[in-house]
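# Examining the three-dimensional arrangement
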2 protein chains.
Amino acid sequence: MLTVNVELKERRYPIYIGENLLKDPSVYPLKSGDKVMIVSNETIAPLYLDTVTKTLENIGCKVSNVLLPDGEKYKTLQSLDLIFTALLKENHGRDTTLIALGGGVIGDVAGYAAASYQRGIKFIQIPTTLLAQVDSSVGGKTAVNHPLGKNMIGAFYQPITVIVDTLTLNSLPKREVNAGLAEVIKYGAILDLAFFHWLEQHIDNLVALQQADLQYCISRCCQIKADVVARDETEKGDRALLNLGHTFGHAIETHLGYGNWLHGEAVAVGMMMAAALSEQLGNISKADVGRLEKLLARANLPTISPDTMQPEDYLPHMMRDKKVLAGKLRLVLLKTLGQAYVTTDMDKSLVLSAISACTQTD
Amino acid sequence: MLTVNVELKERRYPIYIGENLLKDPSVYPLKSGDKVMIVSNETIAPLYLDTVTKTLENIGCKVSNVLLPDGEKYKTLQSLDLIFTALLKENHGRDTTLIALGGGVIGDVAGYAAASYQRGIKFIQIPTTLLAQVDSSVGGKTAVNHPLGKNMIGAFYQPITVIVDTLTLNSLPKREVNAGLAEVIKYGAILDLAFFHWLEQHIDNLVALQQADLQYCISRCCQIKADVVARDETEKGDRALLNLGHTFGHAIETHLGYGNWLHGEAVAVGMMMAAALSEQLGNISKADVGRLEKLLARANLPTISPDTMQPEDYLPHMMRDKKVLAGKLRLVLLKTLGQAYVTTDMDKSLVLSAISACTQTD
Ligand SMILES: NC(=O)c1ccc[n+]([C@@H]2O[C@H](COP(=O)([O-])OP(=O)(O)OC[C@H]3O[C@@H](n4cnc5c(N)ncnc54)[C@H](O)[C@@H]3O)[C@@H](O)[C@H]2O)c1
Ligand SMILES: NC(=O)c1ccc[n+]([C@@H]2O[C@H](COP(=O)([O-])OP(=O)(O)OC[C@H]3O[C@@H](n4cnc5c(N)ncnc54)[C@H](O)[C@@H]3O)[C@@H](O)[C@H]2O)c1
Ligand SMILES: [Zn+2]
Ligand SMILES: [Zn+2]
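Given the structure is predicted, the values throughout are model-derived calculations rather than measurements. (Residues numbered from 1 in each chain as written. Chains lettered and ligands numbered in written order. Predicted model: local features only at pLDDT ≥ 70, side-chain atom pairs only at ≥ 80, totals over all residues. Heavy atoms only, no water.)

Let's shift gears to the site of ligand 1. Residues and elements named next belong to chain A. Neighbouring ligand 1 are 25 residues, the closest being Glu-72, Lys-75, Thr-128, Thr-129 and Ser-171. A distance of 2.7 Å is found between an oxygen atom of ligand 1 and a side-chain nitrogen or oxygen belonging to Lys-75. Within the side chain of Thr-128, an N or O atom sits 2.7 Å from a nitrogen atom of ligand 1. Against a free-state accessible area of 860 Å², the protein chains account for coverage of 86% of ligand 1. Mapped by element, the contributors of at least two residues to the shell around ligand 1 are α1 (45-59), α3 (104-116), α4 (130-136) and β8 (149-156). (Near = heavy atom within 4 Å. Polar contact = N/O pair within 3.5 Å; in protein donor to acceptor, adjacent residues only side chain to side chain. Areas by Shrake-Rupley, 256 points an atom, 1.4 Å probe, with all protein chains shown as cover. Helix = DSSP H or I, 4+ residues; strand = E, 2+ residues; numbered from the N terminus.)

We now examine the pairing of strand β7 (residues 141-146) of chain B. Residue and element names in this part refer to chain B. Where burial is concerned, most of β7 is hidden: five out of the six residues are buried. Here β7 pairs with strand β8 (residues 149-156) via five bridges, running antiparallel. Bridge pairing links Lys-141 to Phe-156 in β8. The turn linking β7 back onto β8 is made up of two residues. (Buried < 20%, exposed > 50% of the residue type's maximum accessible area, 1.4 Å probe, protein only. Pairing = 2+ DSSP bridges.)

Note: α-helices contain 3.6 residues per turn, so residues at a spacing of three or four share the same orientation. Residues and elements named next belong to chain A. Taking 1.5 Å per residue as the helical rise, helix α6 (residues 193-207) with its 15 residues ought to reach 21 Å, and the 20 Å between its terminal C-alpha atoms agrees with that figure. In the structure, α6 departs most strongly from a straight axis at Gln-201, where the bend amounts to approximately 60 degrees. Three or more residues of α6 are buried, namely Phe-195, Phe-196, Trp-198, Leu-199, Glu-200, His-202, Ile-203, Leu-206 and Val-207. The inward-facing, buried residues of α6 abut α5 (174-191), α7 (211-231) and α10 (286-298). At the C-terminal side of α6, Leu-209 shows a positive phi close to 60 degrees. (Expected span 1.5 Å × (residues − 1). Bend = angle between axes of the 7 residues up to and from the residue. Contact = heavy atoms within 4.5 Å.)

Another point: the sheet that holds strand β2 (residues 12-18) of chain B. All names here are of chain B. Judged by pairing direction, the sheet is mixed, and its seven strands sit side by side in the order β1-β2-β9-β6-β5-β3-β4 without closing on themselves. Since the sheet does not close on itself, it has two edges, and those belong to β1 (2-7) and β4 (62-68), each with one partner. Here the average twist between neighbouring strands, direction ignored, is 20 degrees. Pairing of β1 with β2 involves six bridges; the strand directions are antiparallel. In the strand pairing of β2, Thr-3 is matched with Tyr-16. Against the sheet, helix α1 (residues 45-59) makes contact with β3 (35-41), β4, β5 (97-102) and β6 (122-127), and its axis sits at roughly 170 degrees relative to β3, the strand it touches most. Each of β3, β4, β5 and β6 touches helix α3 (residues 104-116); the most contacted strand, β5, lies at about 170 degrees to it. (Axes fitted to C-alpha atoms, helices over the stretch in contact; angles between N-to-C directions.)

All names here are of chain B. If you check the shell around ligand 2, you find 25 residues, and the closest are Glu-72, Gly-104, Thr-128, Thr-129 and Ser-171. In the environment of ligand 2, an oxygen atom lies 2.7 Å from a nitrogen or oxygen atom belonging to the backbone of Gly-104. For ligand 2, a nitrogen atom lies 2.9 Å from a polar atom in the side chain of Asp-108. Alone, ligand 2 offers 860 Å² of accessible surface; in the complex the protein occludes 86% of this. Residue assignment for the shell around ligand 2 shows that the elements contributing at least two residues are α1, α3, α4 (130-136) and β8. Of the residues in the shell around ligand 2, the class split is six nonpolar, ten polar and nine charged. (Nonpolar A, V, L, I, M, F, W, Y, C, P; charged D, E, K, R; others polar.)

Attention now goes to the coordination of the zinc ion (ligand 4). Residues and elements named next belong to chain B. Those donors, Glu-183 (OE), His-246 (NE2) and His-263 (NE2), are the protein atoms that reach the zinc ion (ligand 4), and they lie 2.0 to 2.1 Å from it. Coordination of the zinc ion (ligand 4) draws on donor residues from a single chain, spaced E-x62-H-x16-H in sequence. In this pair, His-246 sits in helix α8 (residues 246-256) while His-263 sits in helix α9 (residues 263-280), placing the two residues 17 residues apart along the sequence. Looking at His-246, the relative accessible area reads 11%, which means it is buried. (Donors = N, O, S within 2.8 Å, 3.2 Å for Na, K, Ca; no water.)

Take the domain arrangement of chain A next. All names here are of chain A. The domain boundaries assigned to chain A delineate domain 1 (2-170) and domain 2 (174-357). Computed from C-alpha coordinates alone, the two centres of domain 1 and domain 2 are separated by 27 Å. Contact with domain 1, which involves 29 residues of that partner, is made by 28 residues of domain 2. For the pairing of domain 1 and domain 2, the buried interface totals around 2,500 Å² over both sides, and the portion due to carbon and sulfur atoms is 66%. Taken together, the connections running from domain 1 to domain 2 amount to one salt bridge. (Domains from an automatic or database assignment. Buried area = accessible area lost by both parts, 1.4 Å probe. Salt bridge = Lys/Arg side-chain N within 4 Å of Asp/Glu carboxyl O.)

All names here are of chain A. Closest axis-to-axis distance for the α6/α10 pair is 9 Å, and the angle between their directions is 25 degrees. In terms of orientation, α6 lies roughly parallel with respect to α10. Viewed along their axes, α6 and α10 form a crossing whose handedness is left-handed. Of α10, the residues touching α6 (which contributes Leu-193, Phe-196, His-197, Leu-199, Glu-200, Ile-203, Asp-204 and Val-207) are Arg-291, Leu-292, Leu-295 and Arg-298. Along the lines of polarity and charge, the residues of the contact of α6 with α10 split into seven nonpolar, one polar and four charged. (Parallel < 35°, antiparallel > 145°, perpendicular 65-115°, else oblique. Left-handed = near helix turned anticlockwise from the far one by under 90°.)

Now for the pattern of salt bridges. Residues and elements named next belong to chain A. Tallying each qualifying case throughout the model produces 22 salt bridges over all chains. As a salt-bridge pair, Lys-75 and Asp-108 come within 2.9 Å of each other at their nearest N and O atoms. Here Lys-75 is found in the loop between β4 (62-68) and α2 (77-89), whereas its partner Asp-108 is found in helix α3, with 33 residues between them in sequence. For Asp-108, a relative accessible area of 10% puts it in the buried group. With a closest N to O distance of 2.8 Å, Glu-183 and Lys-186 form a salt bridge. Taken together, the positions of Glu-183 and Lys-186, both in helix α5 and three residues apart, correspond to about one turn of that helix. The exposure classification of Glu-183 matches that of Lys-186, with both residues buried.

Below you can see the structure in the form of structure tokens.
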């Protein structure tokens, strides 16, 4: 088992990464008599809910659960209300612990519920998608969507522990695994050339879910994100680097309709666009852009714009992004592989030509 | 104008108290170009919304508003959603400031909306009831109700400024003014004998809304609460003293149905019960219990149990209070006037006899 410690101003908490951790009573910061509510969904519960429940009951906890319907479209205030109703019906007090068992959607909703129930109860994350394990469960951002905007309502709220059982990835659809690898590759590209290099050597093992490499990889990603978050807990500065490829990707997700491309797939193409723009500006070399493209392709990720989208389709969506300040397009670009930076007021014609460079022409 | 500074771990913020502050641009921490959303209700808006809007527009702010229906029963997730929708429809970003213009209900809902919108935007309180001016706008507790419990969903979230325009109390129903005085008297009783004594000399002026006394009184209450909160921001210890009379009062509010008695009225009787119990235990003197009773009566507040309630009706409600831990009744009692303390595991037959002592028998 590997451990990454997240150091925050007020306290630290551990992320445990290993096989069979769902069954391991020692990783749960709970004791006999504790009350627990597990939040999961109808897809994940049949796979893992019993295991977690039994482990906790063996510790002596009083365990109940609430299951949400599966999907991003249920990441809403209504789902939040389902959780509150379940907590209140069973008389859960301020001393209850809420556990998120699932992907980023469950983690985000349950985290916000934990932040809000009686103004804050203890929260444990058990992420079961690669994206949740390397990204959404680290950093304390929680949220639900609003019909008028994604992730518009939420809180910064940290868990007391994150438990990553890497065997849970065996049941995850391969396309979801690959989408998670886009975020993994992103960490290497923005902040850690050595890790990028390691990924080039081990990407096939990761795609094949080889346990030892997977665990190292997840721990490295958590460490990178934890370091960024520790420097910038409420997202004023450095944390922006984590958005490499995301403004372009956001345009793809919005244009195609959420759910048609997975987030990681859109981010993969977005990173290629950011790299192309960086190259045009005389930063990252053509050879390094090629390395990025090759690594993404080996993770079965797209590297060019969807057929149904024209270069002109991007900018209107990009200008509506949360990261736009006072009408100025802020983008994360690459100085070199392993070193990202934030631009302000990027020239729109250059952006358009970078998008075109990543568009199939035939 | 009087100023009370609330000192928190991370920052301080001012509470300004005076006449005509709604019109005074210098008390608003806003500048030309700032975007502002005012949250108010259909009762208060016709009285004060124009004044605040014009003052802010003169500063150069871009001002919009959202009006909720009036009443505790609209302190819900649905009202929260109305605020989010208004913010999103007008493209409000993270740099927007939310202003609560109203009583405790508006302050609690708007505060929680500010805490949650894009994970936290700036928040200003303009409390317009005495209760909100001396109590709910100080301390950072925000919340909405759930059908299964009051104030069950919320956040600790501090405003950047609180603006108390004491002239707004002139339009407040007298019964609401008096209910606010119950909380005022509570501060004297739990922590400040000198202030209690001052109240005995000035209560008639307060009931008559004499401005100078009102302002001093509000500033003293804010200072007392701010001191308690600074010592105990997230409510683990000292803050409990603020609940004098509230567990008994809660039983009255629940038994009669919320809204039949005002909160302050129920708290007034609750304080008498706590005082009677304290006297039985050999703490506060009979004479001092009499002083408390007389002061409450001069503020036109009830001091005995509602006719329709029997002593036996109290305990079941009291045992369901949030303050009950592991089935043990925790109560705030009075050592003397000006000095409260918290008991654990209070004997139920003593509690019953104190309740009986405050019940009309004929
Ligand atoms: N909080 C943050 O910092 C942050 C960061 C990035 C993304 N996010 C959010 O994360 C969400 C996306 O998360 P996601 O990619 O995990 O999607 P998801 O939670 O929807 O999971 C993807 C699918 O896999 C299923 N699933 C999950 N684990 C499984 C398993 N072990 N076996 C089989 N099926 C499994 C889910 O039921 C779902 O159908 C978005 O809402 C996004 O906004 C949050
Ligand atoms: N956050 C806290 O720490 C805290 C503390 C105590 C109470 N509270 C909450 O505060 C709420 C009660 O607050 P309240 O007593 O102010 O009730 P309220 O907000 O319902 O106001 C009482 C009534 O007076 C009206 N009103 C308000 N200002 C007016 C004015 N200047 N002129 C004429 N009418 C006016 C309101 O529209 C309402 O009808 C409860 O929801 C309670 O839970 C919160
Ligand atoms: Zn992402
Ligand atoms: Zn009160």
